[in-house]
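The lines below spell out each chain.
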Amino acid sequence: MEDKFSSKTISEILQIYKNRGLPKREALILIALVLGKSREYVLSHQELECPNDAIELLEKRLTGYPLQYIVGNVEFYGRQFIVQEGVLIPRWETEGLVELAIEYIKNYNIKKVAEIGLGSGVISVTLAIETGAFVFGTDISPKALEVSYENAKRHGVEHLVSFRLGNYLEPFEDILDNIEMVISNPPYVKQGFCVQRELLYEPPESLFAGEDGLIFYREFFNRYNIKGKIVIMEIGEDQGESLHKITGGEIVKDIAGKDRYLVINDKYRSQ
């Protein structure tokens, strides 16, 4: 397919891929990536021949392969983070999770936080940057740990994090009493739910959680005594009522007005 479009100008390629359903902004990002230039440069030099390598990336994006994996970066909470195939791509909803956590960390002067399911590490790294709290993080994926540490180093907070391979909080069970907050954006998509094609390229273990999407939550609250702790988790928009019944926790809506976060504040009992 890319041979068909070789020797065409950037202007011609932008029009071709717009007609094929690729947003111009994304096409500009990919062409700029190959050229090693800014999008502004590409826009002002549309008479140049479009490199074949760029056309290959445009074709790859048309398959649904995530743009973030192609460029290797994602913006989260106003910062750029490394993201690679094999780790979940952060969404805007998770910024709300982080905002809630920051509020509680500051209000209760929390010093030690644990995150379950690091992914790319954006939650842990952002909390460390914004609050100075020490964050213990776990994930079952070696790739997630690798990317999370790279992001911690990129943002200069590697001294404020400790990431270990393992399920739930198992790698840190010897210090659970010292952990004041647990945060997680766990898998909560119902098995068999029809998702957008971009999600098919992301790790399924980070997305799907059984017939009702509640496996993670049931297991966590069966395993751990959260007395004296604050627990903040992202949830599916149709899971608020069920999780309130299971945990008694507060359900907080996102900026779109949808049930999105579970908050259990047991910290006050120890004040």
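Quick summary incoming for the structure in this document. (Residues numbered from 1 in each chain as written. Predicted model: local features only at pLDDT ≥ 70, side-chain atom pairs only at ≥ 80, totals over all residues. Heavy atoms only, no water.)

Quick word on the sheet that holds strand β5 (residues 161-165)
Cut-off, in case you're wondering: When DSSP finds two or more bridges between two strands, those strands count as paired. The numbering of helices and of strands both runs from the N terminus, where a helix is a DSSP run of H or I of at least 4 residues and a strand a run of E of at least 2. Axis definition: a line fit to C-alpha positions, over the contact stretch in the case of helices; interaxial angles, taken between N-to-C directions, run 0 to 180 degrees. Any two residues having at least one pair of non-hydrogen atoms within 4.5 Å are treated as being in contact.
Overall, mixed pairing links the seven strands, which are arranged β5-β4-β3-β6-β7-β9-β8 in an open sheet. Two strands bound the open sheet, and with one partner strand each, they are β5 and β8 (250-253). Neighbouring strand axes in the sheet, compared pairwise and without regard to direction, differ in orientation by 20° on average. As paired elements, strand β3 (residues 112-116) and strand β6 (residues 181-184) share four bridges and run parallel to each other. Within the sheet, the bridge partner assigned to E115 lies in β6 and is I183. Against the sheet, helix α8 (residues 142-154) contacts β4 (134-139) and β5, and its axis sits at roughly 170° relative to β5.

Digging into the pattern of salt bridges
Defined as follows: Within this document, salt bridges are pairs made up of a side-chain nitrogen of Lys or Arg and a carboxyl oxygen of Asp or Glu, the two lying within 4 Å of each other.
Inspection of every chain in the model, using the stated rule, returns 12 salt bridges. Note that K253 and D259 form a salt bridge whose closest N and O atoms lie 2.8 Å from each other. Where salt bridges share partners, they join E237, D254, K258 and R260 into one cluster.

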